[in-house]
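Summary of the model geometry
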Amino acid sequence: MTVAILVSLIIFPLFATFEVENRFHYALSKLQEMHVLIIQAFLCDDKMGALMFLVRASIIENLVHKALIPIQMRLDEAEFEPTRWLQRIFNRKHQHIINMTLQEQENFITSFMCHVGSLQLMIKNCSFNEYHHDFTYEIKSSLLHLSTCQSIIVSSLMSPSSMAKDDFARQIIDLREAFTKLRSAYIDVRLHRVEYVLQTTATIQSEDSLSHAYFLFHLGATVQLLTQLIISNENKNTTSISSVQEKRKINFKLQWPRLLSSLKCMIIIGIGSIFVLVPRLSTIFENGHLILITLCVTQGDTVGGALTTMKMRLMGTLLGAIWAYITYRLVRDDIYATLGILSPWIFIFSYLKLLPNWGYTATVASFTPVAINLARLSNGTTLSGDSSVLLRIEESFLGITLAVVLTLLIFPIFAIDLLKDSIQTTLKTCQRSVTSMHSVYDQLFHHRHSQDSLMQVEFEEKKIKSFVDIERSLFHRLINSQRTLVEHASLEPTLWWMNRGFSTQHYNSLVRQQVSTFNMLYDIDAALMKINEYSEKIEHMQLNVAGGHFLPDLHRELSDLSKQLSACFNLWMSYFSVTQTRFYRLFRQCIYSNTKLNENDLIKHQQCLIDLYQTIHRLQVQHQARLDRLIQHYRDRLTMGEAYISFVPYANNTEVDAVFIAFNALYYSTTQLTQSVLILGETIHTILELETTHLYRSF
């Protein structure tokens, strides 16, 4: 162990901190490329031209997702490294510009990705009608200038040369001024549109008004996010003693599943030790240690995880044994020639080990020929090279076969069960965020005495905080684990408890849709936090500006929506709980009874989806009615002889305009959240039908 640590530190040390930094820079540059493509798509004249840019942006988005998949694992590994010292080395030329911890970098990238994804979503839903063409014509130059300023900042962060702090501050100022110019152009185009509507019989469609305000809001949120890169000299590397003690309590808390897992591990190792301790078996299998090692290293938390490890080990053993046989045939017992032939093989598979799909397979393939040939030469065994290779394959095959049997027989925990358990936790996380969303809105708009609020809080004493930041880290860890569990579950013998095989496609879709739902919650949170910046004037704006039509009261809508979404999440969590295997209920929950879904449960689920669809339509109709009332208020003021600039609230008031944009972004995000939950529910319904009914039986 000591030698391994010294070699790892001295010979080309690879630190997890450096990998996180590299992935951060890669993701930042690629997200900026996406941002530029999305701006170009927004400025297109038709839907087809925009889709061409969106396809390219989607390809880049997939690259970013792949780059960020191992980030949580690397963050865990970086806890054992001198992270801040290594960051000073890595960012020595930009330390005076950017000084974020690794966790802050991950939060920054996920936030940036959410904002870029929101811009992408708006363009996918955009109508590219007359309103959009007039809008893009007026703001095109300002929007391109903003995109250029943002690209310059990202390029400065990626540049290998150092930059003065004053120069970077100048770039930040230019970016802010570019957005101010863009917002002024946005105000002008809206004033022109209001003037045109009041002079004709035309109207403003709710979808056009909401979507373009939503687009501008996320442009501003991205600018605000980038301006936060300027360094603060605060110490960001402190960890409270209480949090460390809490983690220790969690890690060492006595749990029944852990006891069963420990007992299973003890039994498997005990059975493997028989091949070493029993003289006859030890003689037959050359001490039997390879069988014992195989049983030890192929254990996993789930059946699917163990089978995945076994598959990779068997493949790596076969590849390594083939090269060991070739090495023996070429050089026989010449030690130096053997080392010469093994060196390029080790080099190639050590390189392949860094690729996502090779990992453990490449590791086993690299050391297997070394173990076979050098062990044979150093121990002076009587077995020939051919026999050593065959014995290695036989022992690995026997060990893996025995491991498969023991894994399935001794307290089996299937990946499909842990996957469903993780999905229940993410749904619970989304449910808490929805409840917090309603609570924060009530706190902002002073609904202190609401009788049907889902969360009873003391509004006067509680400070408004971001509800997404509390759940963000947990949610992304759950999503990363679900991606792994989907791969593991695809290898399990699901014919024991499902009417059809495991649907990898639908579960991958479910994972993506959970991310989309959480992103919508992030958008709502960002809008509420922006409104909170003007909290002292909110009540005045809602009651007095534009006759009370400017900021309508959404308390009732959000209250009803919060209850409806919470009921849907509860229903889906119960379904995933009911459909878990009997093994999971027996070994994890100590419950033997088996509850099955019936046709009435699926009908209840269908009604839930119908209600969500009706809610989306109702939200759209209600906003259109409110917009029509606002236009009518403007028309009445115009009839009284007032000038446009006097009765349109945001004409000369940037604070009112900022709140108006954030409020529209809030409403649009709320509608899109309901739409995202509806799509999520449709996927869950399909999965339940696949697993519990015979509707999709193949030929």
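Our structure is the block above this text.
The structure contained in this document is the topic of the report that follows. (Residues numbered from 1 in each chain as written. Predicted model: local features only at pLDDT ≥ 70, side-chain atom pairs only at ≥ 80, totals over all residues. Heavy atoms only, no water.)

Regarding the overall build of the chain
In plain terms, the rule: In this text, helices come from DSSP runs of H or I with a minimum length of four residues, and strands from runs of E with a minimum of two, each type numbered from the N-terminal end. The rule is simple: take the accessible area with a 1.4 Å probe, protein chains only, and divide by the maximum for that residue type; under 20% is buried, over 50% is exposed, in between is partly exposed. Note that accessible areas follow from Shrake-Rupley with a 1.4 Å probe, and for residues the cover is restricted to the protein chains shown.
If you tally the helices and strands in the chain, you get 26 helices and 0 strands. Per-residue burial for the chain yields a buried fraction of 50% across its 699 residues. Accessible surface, the chain as shown: approximately 34,200 Å² in total, 59% of it carbon and sulfur.

Quick notes on the environment of Pro 70
Secondary-structure assignment places Pro 70 in the loop between helix H3 (47–68) and helix H4 (71–78). Along the sequence, Pro 70 and Val 20 sit 50 residues apart, while their C-alpha atoms lie 9.2 Å from each other.

Some words on unusual backbone geometry
Unlike most non-glycine residues, Phe 128 shows phi in positive territory, near 55 degrees. Checked against the element boundaries, Phe 128 lands in the loop between helix H6 (102–125) and helix H7 (130–158). Positive phi outside glycine occurs at Phe 411, with the angle close to 40 degrees. Structurally, Phe 411 can be placed in the loop between helix H17 (385–409) and helix H18 (415–444).

Remarks on a nonpolar patch on the surface
As a reminder, the rule being used: In this scheme, patches are assembled from residues that exceed 30% relative accessible area and form no salt bridge. Like charges are connected within 9 Å, while nonpolar side chains (Val, Leu, Ile, Met, Phe, Trp, Tyr) are connected within 5 Å. Take a side-chain nitrogen of Lys or Arg and a carboxyl oxygen of Asp or Glu: if they are within 4 Å of each other, that pair is a salt bridge.
A cluster of nonpolar side chains, contributed by Tyr 26, Val 55, Ile 59 and Leu 63, occupies part of the molecular surface with about 340 Å² of accessible area. The element that contributes the greatest number of residues to the nonpolar patch is H3, accounting for 3 residues. With respect to the helices and strands, the residue Leu 63 is situated in helix H3. For Leu 63, a relative accessible area of 36% puts it in the partly exposed group.

Description of the nonpolar core
What counts here: What we call a nonpolar core is a set of buried Ala, Val, Leu, Ile, Met, Phe, Trp, Tyr and Cys residues that are connected through their side-chain atoms within 4.5 Å.
In terms of nonpolar packing, the biggest core is built from 170 residues, with Phe 108, Ile 123, Leu 219, Tyr 507, Leu 528, Phe 569 and Trp 572 touching the most fellow members. Looking at this core element by element, the count peaks at 18 residues for helix H26 (residues 654–692). Core analysis: the second largest hydrophobic core is formed by 6 residues, Ala 16, Val 20, Leu 75 and Leu 102 among them.

Comments concerning the pattern of salt bridges
The full count for this structure, using the stated rule, is 16 salt bridges. We note a salt bridge from Glu 533 to Lys 530, for which the minimum N-O separation is 3.4 Å. The salt bridge partner of Glu 557 is Arg 626, with a shortest N-O separation of 2.2 Å. Here the residue Glu 557 occupies a position in helix H22 (residues 555–578), and Arg 626 occupies one in helix H24 (residues 599–639), the gap between them amounting to 69 residues. Residue classification places Glu 557 among the buried positions, given a relative accessible area of 15%. Since its relative accessible area comes to 12%, Arg 626 is described here as buried. Each member of the salt-bridge network shares a partner with another, and the members are Glu 19, Arg 23, Arg 74 and Glu 77.

Considerations on the packing of helix H2 (residues 16–42) against helix H9 (residues 206–227)
Spelled out, the test is: Each axis is a line fitted through C-alpha atoms, and for a helix only the stretch in contact is used; angles between axes span 0 to 180 degrees, taken between their N-to-C directions. Each angle gets one of four labels, with under 35 degrees taken as roughly parallel, over 145 as roughly antiparallel, 65 to 115 as roughly perpendicular, and the rest as oblique. Crossing handedness is read from the near helix: turned anticlockwise from the far helix by less than a right angle, it gives a left-handed crossing, and turned clockwise, a right-handed one. Throughout, a residue-residue contact means that at least one pair of heavy atoms, one from each residue, lies within 4.5 Å. Any residue that is not Ala, Val, Leu, Ile, Met, Phe, Trp, Tyr, Cys, Pro, Asp, Glu, Lys or Arg is counted as polar, Gly included; the first ten are nonpolar and the last four charged.
Close contact between H2 and H9 brings their axes to 13 Å; oriented N to C, the two are set at 155 degrees. Considering their axes alone, H2 and H9 lie roughly antiparallel with respect to each other. Our pair here, H2 against H9, has a crossing hand that is left-handed. Two secondary-structure elements touch here, H2 through His 35, Ile 38, Ile 39 and Phe 42 and H9 through His 212, Phe 215 and Leu 219. Split into classes, the residues belonging to the contact of H2 with H9 amount to 5 nonpolar, 2 polar and no charged.

Digging into the packing of H2 against helix H5 (residues 83–90)
Relative to each other, H2 and H5 sit at 50 degrees, their axes nearing to 9 Å. Taken together, H2 and H5 sit at an angle that is classed as oblique. The interaxial crossing formed by H2 with H5 has right-handed handedness. Seen from H2, the contacting residues are Thr 17, Phe 18, Glu 21, Asn 22 and His 25; seen from H5, they are Thr 83, Leu 86, Gln 87 and Phe 90. Considered class by class, the residues forming the contact of H2 with H5 number 3 nonpolar, 5 polar and 1 charged.

Description of H9
Test applied: What a helix is expected to span follows from its residue count: subtract one and scale by 1.5 Å.
For H9, which comprises 22 residues, the first-to-last C-alpha distance of 32 Å matches the rise-based estimate of 32 Å (1.5 Å per residue) to within 8%. Of all 22 residues that make up H9, 20 are buried, and the element is covered over most of its length.

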